[in-house]
Amino acid sequence: FKSDTDKVRNIKAAPSKIIHTKVDTSHLRFIAAQRGLNVRSLPSTQKSSKIKSTAGFGTIVEVLDKRKNWIKISYKIDDETVKGWVFTRYTKRFKK
């Protein structure tokens, strides 16, 4: 079994392994929380910030905005686009 660190390292390197030309991934991240990450309506864990969805480990997300330790993301589930806020610590950037 691979460790969580190995899994994250493999996902970080994925774009360069799959596509052999330079790809701008500066606006993309992936979910690094093993159990997934709650996507919230507001950049807060207060009750007023409702959980809209849960993004699974490895889900690639587009960064739309940033507020302190929170990023507003967008990603697709089937044909539906989900937008909301997640705590930045539980996301990772791709290798350049």
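In this text the structure is predicted, and so the values were computed from the model without any measurement.

Colleague: Break down the overall build of the chain for me, citing the residues and quoting the values.
Modeller: Broken down by element type, the chain carries one helix and seven strands. Counting only residues that meet the buried cut, the chain has 33% of its 96 residues in that class. When the accessible surface of the chain is totalled, it reaches about 6900 Å², and 50% of it is carbon and sulfur.

Colleague: Got a sec to walk through the packing of aromatic side chains? Specific residues and values, please.
Modeller: What the rule picks out here adds up to three aromatic pairs. Judged by centre distance (5.2 Å) and plane angle (45 degrees), the rings of Phe 30 and Phe 94 are tilted. In this pair, Phe 30 is assigned in strand S1 (residues 28-31) and Phe 94 in the segment after strand S7 (91-93), connecting sequence segments 64 residues apart. Given the relative accessible area of 8%, Phe 94 is considered buried. Through pairs of rings, three or more aromatic residues link up here, namely Trp 70, Phe 87 and Tyr 90.

Colleague: Go over the nonpolar core with me, naming the residues and quoting the values.
Modeller: Ranked by size, the top nonpolar core spans 11 residues in total: Ile 31, Ala 33, Leu 37, Val 39, Ala 55, Val 61, Ile 71, Ile 73, Tyr 75, Val 82 and Val 86. Mapped by element, the contributors of at least two residues to this core are strand S2 (37-40), strand S5 (70-77) and strand S6 (80-87). When neighbours within four sequence positions are excluded, Tyr 75 is seen to be in contact with Val 39, Ser 53, Thr 54, Ala 55, Thr 59, Ile 60, Val 61, Glu 80, Thr 81 and Val 82.

Colleague: How would you sum up the side chain of Arg 40? Please name residues and give values.
Modeller: Along the chain, the position of Arg 40 falls in strand S2. One buried charged residue, Arg 40, remains without a salt bridge, the closest side chain of opposite sign being Asp 65 at 16 Å. Polar contacts involving the side chain of Arg 40 include one to the main-chain carbonyl oxygen of Ser 49, which spans 2.7 Å. Once residues within four sequence positions are removed from consideration, Arg 40 is found in contact with Thr 45, Gln 46, Ser 49, Lys 50, Ile 51, Lys 52, Trp 70, Gly 84 and Trp 85.

Colleague: Go over unusual backbone geometry with me, naming the residues and quoting the values.
Modeller: Although it is not a glycine, Lys 68 sits at a positive phi angle of roughly 50 degrees. Given the relative accessible area of 76%, Lys 68 is considered exposed. Within the chain, Asp 78 stands out as a residue other than glycine whose phi angle is a positive 55 degrees. Summarising the element assignment, Asp 78 is placed in the loop between S5 and S6.

Colleague: Tell me about the pairing of S5, and name the residues and values.
Modeller: In this structure, strand S4 (residues 60-67) lies alongside S5, joined through five bridges in antiparallel fashion. Pairing of Val 63 across the sheet is with Ile 73, part of S5. In textbook terms, the turn of a hairpin is the stretch between consecutive antiparallel strands, and for S4 and S5 this stretch comprises two residues, one of which, Lys 68, has a positive phi near 50 degrees. As defined by bridge partners, S5 adjoins S6 across eight bridges and the pair is classed as antiparallel. Bridge assignment links Ser 74 to a residue of S6, and that residue is Lys 83. A loop of two residues connects S5 with S6, the two strands running antiparallel in sequence, and Asp 78 in this loop sits at a positive phi of about 55 degrees.

Cut-offs used in this document
Residues numbered from 1 in each chain as written. Predicted model: local features only at pLDDT ≥ 70, side-chain atom pairs only at ≥ 80, totals over all residues. Heavy atoms only, no water. Helix = DSSP H or I, 4+ residues; strand = E, 2+ residues; numbered from the N terminus. Buried < 20%, exposed > 50% of the residue type's maximum accessible area, 1.4 Å probe, protein only. Areas by Shrake-Rupley, 256 points an atom, 1.4 Å probe, with all protein chains shown as cover. Phe/Tyr/Trp six-rings, centres within 6.5 Å; stacked < 30°, edge-to-face > 60°. Core = buried A, V, L, I, M, F, W, Y, C linked by side-chain atoms within 4.5 Å. Contact = heavy atoms within 4.5 Å. Lys, Arg positive; Asp, Glu negative; His and termini not counted. Salt bridge = Lys/Arg side-chain N within 4 Å of Asp/Glu carboxyl O. Polar contact = N/O pair within 3.5 Å; in protein donor to acceptor, adjacent residues only side chain to side chain. Pairing = 2+ DSSP bridges.

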